[in-house]
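A look at the structure
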Amino acid sequence: MLKPNFKEARSIDKRDYQTKEFTLDPAYQNYFLGKTYFIKTYGCQMNEHDSENIEAILEELGFKKIDDYSKADLILLNTCSIRENAHNKAFGMLGRCKHLKEENPHLMVGLCGCMSQEEIVVDEVLKNYSWMNFVVGTHNFYDIPRLLVSSLKEGLQVEVYSREKDLIEQMPVSRKTSYKAYVNIIYGCDKFCTYCIVPYTRGRQRSREKEAILNEVKDLVQQGYQEVTLLGQNVNAYGKDLYDNYGLGELLEDVAHLSISRIRFVTSHPWDFNEKMINVISKYKNIMPSIHLPVQSGSNRILKLMGRRYTKESYLELVKKLKDKIPRLALSTDIIVGFPSESEEDFEETLSLVDICKFDNAFTFIYSPRVGTPATKLKDQVAEKVKEERLKRLNEKVNHYFLENNQALVGKTIDVLVEGNSLKQKDAYFGYTDTNKLVNFTGENIEVGKIVPVTITCAKTWSLDGRAK
Ligand code: 5AD
Ligand code: SF4
């Protein structure tokens, strides 16, 4: 058994990791032929993409995917730790699995993702869920085949590395669509914002070699993909651990030359934005004018306590520069309310920042203390009722700007990547603009996976209506 430990995760000694290629032990090939699996993915795009790898690995074992967990032979939870409610959802699901296991002793259940990296979660599993098959961490989920097979003979397998292991290339992948793809460019995060559990659960910053990334994108272009999203907890730090003079700006430029129609990238830490990146984003038509730039708070005192390394003024300066240089830029953000000691004045600083930035989209959260992070030790935790009231006020303000920005698009014609039939409107389609706005639209001869010009006819807070030209 290998249990995680946050102290070790935080240690700053430089780890010598290697890049290795994924291989599946031939003994496991089709080992579970005829069996079915259900995977539930919680959290961010990183987890979604990890699930695409895990699904492909399970399919090499012979498993077939199904959508009804109560009928599956294997249930796998790919979990998220970012806030308490993500924990609660996963444990709720494990409770349902426990009932199913009582009825069907052959049911296999596994836990992977960020929660596996937490000591308190692993202790809870050992105490109350020891009937499970395996717990595997974010650094070695490619080991699921071995752990699953071992568990059939030996019971619960726990294998979680506190620190990053080798960087694995050539992992099989079962992508959700044939037109939009995620490509990891950097794993982990070195920022250690005081509220955030990610540097502990995802490890220290490790960039993939640029050749590996460019080859993956070239392959996607050949397969006909239209859109690629370069993924990382902080993509703006890309390359810092590998190269002297090759960062996100240089990488974006090289990807732009591969003639894929749409390039996106998430998430960007404001501290790591440089001129090269801004110039490249503004220069290439296939780099989408859409930036996710989490601000977290508008109060300098709170930003300092959060360890964010910028001020309200420097954030606003960056936003101005981005808006000046990148025509039609859509800016989105993340904001936390109720960080320890946040006063009404601090919160009003956040509201005033929203008034200046007029974000196109914002993910707003109530601060959730995460065991093992420094912010839990801060005094003056904000009362739950106050946090809720601030979230409501903040949401009213951000929603106002979403609608205002959308209204400005009525009558304009914008390119939309078609994703499928609209869930809301009969005989209509949905897709996303270059600025990442959801559009429900009508039109003739519309093909999923193609980019079509759509004239916007109506604006709502979270979506647009339109008609294809
Ligand atoms: N509580 C609330 N929100 C959090 N986030 C990260 N950690 C916490 C926490 N402890 C939010 C931040 C981050 C987004 C992915 O989740 O806004 O940008
Ligand atoms: Fe967490 Fe993002 Fe801060 Fe990294 S930069 S510690 S992922 S909030």
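Position numbers for residues count from 1 along each chain, tracking the sequence in the order it is written. All chains are assigned letters beginning at A, and all ligands numbers beginning at 1, according to the order in which they are written. The predicted origin of the model limits local features to residues at a pLDDT of at least 70 and limits the giving and counting of side-chain atom pairs to 80 or more, whereas totals for whole chains, interfaces and linings rest on all residues. As a rule here, side-chain values come from all non-hydrogen atoms in the structure, and water together with hydrogens is ignored.

What counts as a domain boundary in this text is fixed by an automatic or database domain assignment. When the domains of the protein are assigned, the result is domain 1 (6-159) and domain 2 (413-468). Inter-centroid distance (C-alpha atoms) of domain 1 to domain 2 is 36 Å.

With that settled, consider the pairing of strand S16 (residues 361-366). Should DSSP find at least two bridges between two strands, the strands are regarded as paired. Runs of E in the DSSP output that reach at least two residues are strands. Runs of H or I that reach at least four are helices, and both are numbered from the N terminus. Note: strand S15 (residues 330-337) against S16, six bridges, orientation parallel. Residue pairing across strands places Thr-333 opposite Ala-362, the latter belonging to S16. Look down the strands so they point away from you; if going from the first strand over the helix to the second traces a clockwise path, that crossover is right-handed. Crossover connection from S15 via helix H12 (residues 344-357) to parallel S16: handedness right-handed.

Another point: helix H13 (residues 384-407). Taking 1.5 Å of rise per residue, the 24 residues of H13 would be expected to cover 34 Å, and the 35 Å separating its terminal C-alpha atoms lies within 8% of that figure. Each residue's exposure class comes from its accessible area (1.4 Å probe, protein chains only) as a fraction of the maximum for that residue type: buried when under 20%, exposed when over 50%, partly exposed otherwise. Along H13, the residues that are buried comprise Lys-387, Arg-390, Leu-391, Leu-394, Val-398, Tyr-401, Phe-402, Asn-405 and Asn-406. The contact criterion used throughout is that any non-hydrogen atoms of two residues lie within 4.5 Å. Buried residues belonging to H13 abut S15, H12, S16, strand S20 (451-459) and strand S21 (464-468). Expected span of a helix, by definition, is 1.5 Å for each gap between consecutive residues, and there is one gap fewer than residues.

For each residue, the test is whether any non-hydrogen atom lies within 4 Å of the molecule or strand; if one does, the residue is near. What surrounds ligand 1 is the set Ile-82, Arg-83, Tyr-195, Gln-296, Asp-334, Ile-336, Phe-365, Ile-366, Tyr-367, Ser-368 and Arg-370. Note that an oxygen atom of ligand 1 is positioned 2.6 Å from one of the side-chain N or O atoms of Gln-296. Areas reported here follow the Shrake-Rupley algorithm with a probe of radius 1.4 Å; residue values treat only the protein chains shown as occluding. A total of 410 Å² of accessible area belongs to ligand 1 in isolation, and the protein chains cover 86% of it. Under this grouping Gly is polar, as are all residues other than the nonpolar Ala, Val, Leu, Ile, Met, Phe, Trp, Tyr, Cys and Pro and the charged Asp, Glu, Lys and Arg. The residue makeup of the shell around ligand 1, split by class, is six nonpolar, two polar and three charged. In the analysis that follows, any N or O atom pair within 3.5 Å is treated as a polar contact, provided that within protein one partner can donate a hydrogen and the other can accept it, and provided that, for residues neighboring in sequence, both atoms belong to side chains.

Turning our attention to helix H2 (residues 45-60). With 16 residues, H2 extends 23 Å from end C-alpha to end C-alpha; this agrees with the ideal 22 Å at 1.5 Å per step. Among the 16 residues that make up H2, 12 are buried, leaving the element largely enclosed by the rest of the structure. Looking at the residues trailing H2, positive phi occurs at Gly-62, about 105 degrees.

Next up on the list: the sheet that holds S15. Sheet architecture is open: three strands sit in the order S14-S15-S16, paired in parallel fashion. Strand pairing shows two members of the sheet lacking a second neighbour, strand S14 (290-292) and S16, which therefore form its edges. Across the sheet, the mean angle from the axis of one strand to that of its neighbour is 10 degrees, orientation sign disregarded. Inter-axis angles, ranging from 0 to 180 degrees, are taken between N-to-C directions of lines fitted to C-alpha atoms, where helices are fitted over the stretch in contact.

Now for the sheet that holds strand S12 (residues 227-231). Across the sheet, which stays open at both edges, the three strands sit in the order S9-S12-S13 with parallel pairing between neighbours. Looking at the sheet topology across the chains shown, the edges are occupied by strand S9 (180-184) and strand S13 (262-266). Looking at each pair of strands side by side, their axes are set apart by 25 degrees on average, direction ignored. Packing against the sheet, helix H7 (residues 210-222) makes contact with S9 and S12, and its axis sits at approximately 170 degrees to S9.

Another aspect to go through is the nonpolar core. The biggest cluster of nonpolar side chains holds 57 residues, and the ones touching the most others in it are Leu-230 and Ile-291. Those residues in contact with Ile-291 that lie beyond four places of it in its chain are Phe-265, Ser-268, Phe-273, Ile-281, Leu-322, Ile-326, Leu-329, Ala-330, Leu-331 and Ser-332. The next biggest cluster of nonpolar side chains, apart from the first, holds 26 residues, and it includes Ala-72, Cys-80, Val-109 and Val-158. Here, the term nonpolar core denotes a set of buried Ala, Val, Leu, Ile, Met, Phe, Trp, Tyr and Cys residues that are joined through side-chain atoms within 4.5 Å.

Here the focus is unusual backbone geometry. The omega torsion of the bond from Val-266 to Thr-267 falls at 0 degrees, within 30 degrees of zero and hence cis. Not every positive phi belongs to a glycine, and Asn-30 is a case in point at roughly 60 degrees. Here Asn-30 is to be found in the loop between strand S1 (19-21) and strand S2 (36-41). With relative accessibility at 41%, the residue Asn-30 sits in the partly exposed group.

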